[in-house]
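Close look at the chain arrangement
Residues per chain are reported as follows:
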Amino acid sequence: MRLPKLEPLTEQQNPACWFAVPGMYGGFSYRLSGAELTVESWSRIAGGSGQRHVIDEHGARLVAEGFV
């Protein structure tokens, strides 16, 4: 599986996207806000599996978990 390219986000008015992962029963959403990329992942068959990370020039940090 190839990960989606992030460059097209810089061309959108609402820079956000979603992609499903086969067999995961969920997937990833990501959105660009200024210099930060926020990524959420979850599986709808695994309660509490949601995680949200914020990625910037300093690295990635977990900002929320346990949702979905």
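First, a word on scope: everything that follows refers to the structure included in this document. Nothing here was measured: the structure is a model prediction, and the numbers come from that model.

**Describing the packing of aromatic side chains**
The full count for this structure, using the stated rule, is 3 aromatic pairs. Relative to Phe28, the ring of Phe19 has its centre 5.4 Å away and its plane inclined at 15°; by these criteria the two rings are stacked. With a centroid separation of 6.2 Å and 65° between ring planes, the pair formed by Phe19 and Tyr30 is classed as edge-to-face. Of the two residues, Phe19 is situated in strand 1 (residues 16-21) and Tyr30 in strand 2 (residues 26-33); the sequence distance between them amounts to 11 residues. Classification of Phe19 by relative accessible area gives buried; the value is 17%. An aromatic cluster is built from Phe19, Phe28 and Tyr30, whose rings are joined through pairwise contacts. The residue whose ring lies beneath Arg52 is Phe67, and the NZ or CZ to ring-centre distance is 4.8 Å.

**Structural notes on the pattern of salt bridges**
If you walk through the whole model with that rule in mind, you get 3 salt bridges. Between Glu36 and Arg61 there is a salt bridge; the shortest N-O distance is 3.7 Å. Linking Glu36 in strand 3 (residues 36-43) with Arg61 in strand 5 (residues 59-65), this pair joins segments that are 25 residues apart in sequence. Under the relative-accessibility criterion, Arg61 is labelled partly exposed at 39%. Among the ionic pairs, Glu40 bridges to Arg52, the shortest N-O distance being 2.4 Å. Within this pair, whereas Glu40 is found in strand 3, its partner Arg52 is found in strand 4 (residues 51-56), the two being separated by 12 residues in sequence. Overall, Glu40 belongs to the buried group, its relative accessible area being 13%. Each member of the salt-bridge network shares a partner with another, and the members are Glu36, Asp56 and Arg61.

Rules used throughout
Here the residue index of a chain counts from 1 through its sequence in written order. Since the coordinates come from a predicted model, pLDDT governs what is reported: local features require at least 70, and pairs of side-chain atoms require 80 or more to be given and counted, while whole-chain, interface and lining totals use all residues. Hydrogens are left out, water is left out, and the side-chain values use all remaining heavy atoms of the structure. Between the rings of Phe, Tyr and Trp (Trp by its six-membered ring), a pair exists once the centres lie within 6.5 Å; its type follows the angle of the planes, with under 30 degrees stacked, over 60 edge-to-face, and the other angles tilted. Put simply, DSSP marks the helices as runs of H or I at least four residues long and the strands as runs of E at least two long, and each gets a number from the N terminus on. Relative accessibility thresholds used throughout: buried, under 20% of the residue-type maximum; exposed, over 50%; partly exposed, between the two (1.4 Å probe, protein chains only). Only when the NZ of Lys or the CZ of Arg is both within 6 Å of the ring centre and within 35 degrees of the ring normal is a charge said to sit over the ring. Any Lys or Arg side-chain nitrogen located within 4 Å of an Asp or Glu carboxyl oxygen qualifies as a salt bridge.

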